[in-house]
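Here are the chains, one letter per residue:
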Amino acid sequence: MLQNPLQQLLRRTLVSVFALAASALLHATTLGRIEVACAVCSAKSEQTVIGSTNTMGAPDLDLRPAEMQRSTMEFWVQECPHCGYCAGDLAQGTPAEAAVVKSPAYQSQLKNPLFPPLANRFLCAMLLSDQSGRIESALRSAHCAAWACDDADKTAEAKQARTAALERLRKLKSEGKSLYGQKGADAVLLSDLARRISDFESAVASAREGLALAPESIVAAVLALEIRLAEQKDAGRHTLDEIPDPAAAKTES
Ligand SMILES: [Zn+2]
């Protein structure tokens, strides 16, 4: 999902788009069913796992992948039907996480009627990551929850989830850590998260901070696009193929 550095995704988008198009025609998403024993309650359940998938086309500016991977999101987090434990792999878990699952806050989030069920699963995964101090994982879960809200046209809830992701990304930054480990790439996400919740001032400030790091030209082009969109007060979804000068990006690959 968000683990690839920005440059890798950009290169994939801008340079290998034709190869990917051909590949996508040959390789549809494949799914499988497995039985998993829950690490929290020991109950067994059937879960769907992704065998293979592909992306064809440009990811969003926040690196949400294009189809077909885009539509596999519901299989990125499993939910135990017995205790409500939500994780990428239900077989993995700690006693501390089991305590979180049983907490009223967790169970209330899992059943929150305002959010789509998929978003609740990601937000529960976020609570578990928060508990164990895994900020990167928590922010990715919050971000996925926002995407699930986008897909369900839940604008206010998407804003809440993006705010949660933004808080965690800012915390990561304040601790001197990086999500992507590439100059300016974290600033792209900081800027995009802020812009999508209509905090255009923060979006511009974050993008300018990223530009001040003198990132590679391809990252700089995305940051410049974020600034332009924020200045236009555009809080909508945009994709990386909107970068004004893709030829400049190709020279980087
Ligand atoms: Zn369970």
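On a predicted model such as this, the values are computed, not experimentally measured, just so you know.

Scoring rules and cut-offs
Residues numbered from 1 in each chain as written. Predicted model: local features only at pLDDT ≥ 70, side-chain atom pairs only at ≥ 80, totals over all residues. Axes fitted to C-alpha atoms, helices over the stretch in contact; angles between N-to-C directions. Helix = DSSP H or I, 4+ residues; strand = E, 2+ residues; numbered from the N terminus. Parallel < 35°, antiparallel > 145°, perpendicular 65-115°, else oblique. Left-handed = near helix turned anticlockwise from the far one by under 90°. Contact = placed C-beta atoms within 7 Å. Pairing = 2+ DSSP bridges. Buried ≥ 20, exposed ≤ 12 C-beta atoms within 10 Å, placed from the backbone. Expected span 1.5 Å × (residues − 1). pLDDT = per-residue confidence, 0-100. Core = buried A, V, L, I, M, F, W, Y, C linked by C-beta atoms within 7 Å. Nonpolar A, V, L, I, M, F, W, Y, C, P; charged D, E, K, R; others polar.

A.B. asks: For this particular structure, what's the right way to read the packing of helix 6 (residues 135-151) against helix 7 (residues 155-174)?
C.D. replies: In a packed pair of helices, the relevant descriptors are the angle between the two axes and the axis-to-axis distance. Where helix 6 meets helix 7, the closest approach of the two axes is 8 Å, and the angle between their N-to-C directions is 160°. Classed by the angle they form, the pair helix 6 and helix 7 counts as roughly antiparallel. For the pair helix 6 and helix 7, the crossing hand works out as left-handed. Here Ile135, Glu136, Ala138, Leu139, Ala142, His143, Ala145, Ala146, Cys149 and Asp150 of helix 6 come into contact with helix 7, specifically with Glu157, Ala158, Ala161, Arg162, Ala164, Ala165, Arg168, Leu169, Lys171 and Leu172.

A.B. asks: Help me understand the pairing of strand 2 (residues 44-52), please; the structure alone is not making it clear to me.
C.D. replies: The two faces of a sheet get side chains in turn, since along a regular strand they alternate between them. Here strand 1 (residues 30-37) runs beside strand 2; their pairing, made up of 8 bridges, is antiparallel. Across the sheet, residue arginine 33 finds its bridge partner in strand 2, namely threonine 48. From the end of strand 1 to the start of strand 2, which pair antiparallel, there are 6 residues, and serine 42 there has a positive phi angle of about 70°.

A.B. asks: In this structure, what is going on with the environment of aspartate 199? I would like to understand it.
C.D. replies: Here aspartate 199 shows up in the loop between helix 8 (185-196) and helix 9 (200-212). For aspartate 199, a count of 20 C-beta atoms within 10 Å translates into the label buried.

A.B. asks: Explain helix 7 to me, please; I cannot follow it from the model alone.
C.D. replies: Because each turn of an α-helix spans 3.6 residues, side chains separated by three or four positions end up pointing in the same direction. Under the 1.5 Å per step criterion, the end-to-end length of helix 7 is 28 Å for 20 residues, consistent within 8% with the ideal 28 Å. Within helix 7, the full set of buried residues consists of Glu157, Ala158, Ala161, Arg162, Ala164, Ala165, Leu166, Arg168 and Leu169. Among the structural elements, helix 5 (117-131), helix 6 and helix 8 are those in contact with the buried residues of helix 7. In the stretch just after helix 7, glycine 176 is the one whose phi turns positive, near 75°.

A.B. asks: Just to check I follow, could you spell out the environment of leucine 240 for this structure?
C.D. replies: Residue placement: leucine 240 occurs in the loop between helix 10 (217-231) and helix 11 (246-250). Note: C-alpha distance between leucine 240 and leucine 61 (179 residues apart in sequence) is 5.4 Å.

A.B. asks: Mind showing me how you'd approach unusual backbone geometry here?
C.D. replies: Working note: non-glycine residues mostly have negative phi, and peptide bonds are mostly trans. The linkage connecting glutamate 67 with the following residue, methionine 68, adopts the cis geometry, with an omega of 10°. Along the chain, the position of methionine 68 falls in the loop between strand 2 and strand 3 (78-79). Residues other than glycine seldom take positive phi values, yet alanine 214 does so here, at roughly 55°. Examined against the element boundaries, alanine 214 turns out to sit in the loop between helix 9 and helix 10. Under the C-beta neighbour-count criterion, alanine 214 is labelled exposed, with 11 such atoms within 10 Å. Backbone geometry places lysine 233, a non-glycine residue, at a positive phi of 55°. As for its position among the elements, lysine 233 is in the loop between helix 10 and helix 11.

A.B. asks: So what exactly am I meant to see when it comes to the confidence of the model for the protein chain here?
C.D. replies: Caution applies to low-pLDDT regions: their predicted coordinates should not be interpreted in detail. Put simply, the protein chain has an average pLDDT of 88, and 86% of its residues get 70 or more. The low-confidence segment residues 11-25, where pLDDT is below 50, has 18 contacts with residues more than four positions distant or belonging to other chains. Predicted confidence for residues 249-253 stays below pLDDT 50, and this span has 12 contacts to residues more than four positions away or in other chains.

A.B. asks: What is the right way to read the nonpolar core from this model?
C.D. replies: Burial of nonpolar side chains together is a common tendency in soluble globular proteins. Counting 65 residues, the largest nonpolar core has Phe122, Leu123, Ala142, Ala145 and Ala161 as the members making the most contacts within it. When neighbours within four sequence positions are excluded, alanine 161 is seen to be in contact with Ala119, Leu123, Ala142, Ala145, Ala146 and Cys149.

A.B. asks: Explanation requested: helix 10 in the structure shown.
C.D. replies: For helix 10, spanning 15 residues, the distance from its first C-alpha to its last is 21 Å, which sits close to the expected 21 Å at 1.5 Å a residue. Within the sequence span of helix 10, burial applies to Ile218, Val219, Ala221, Val222, Leu223, Leu225, Glu226, Ile227, Leu229 and Ala230. Lysine 233, located one to two residues past helix 10, shows a positive phi value of around 55°.

A.B. asks: Looking at this structure, how should I read the packing of helix 8 against helix 9?
C.D. replies: Two elements in contact, helix 8 and helix 9, have axes separated by 7 Å at closest approach and are oriented at 170°. Taken together, helix 8 and helix 9 sit at an angle that is classed as roughly antiparallel. Where helix 8 abuts helix 9, its residues Ala187, Val188, Leu190, Ser191, Ala194 and Arg195 lie against Phe200, Ser202, Ala203, Ser206, Ala207, Glu209 and Gly210. When grouped by side-chain class, the residues that make up the contact of helix 8 with helix 9 number 7 nonpolar, 4 polar and 2 charged.

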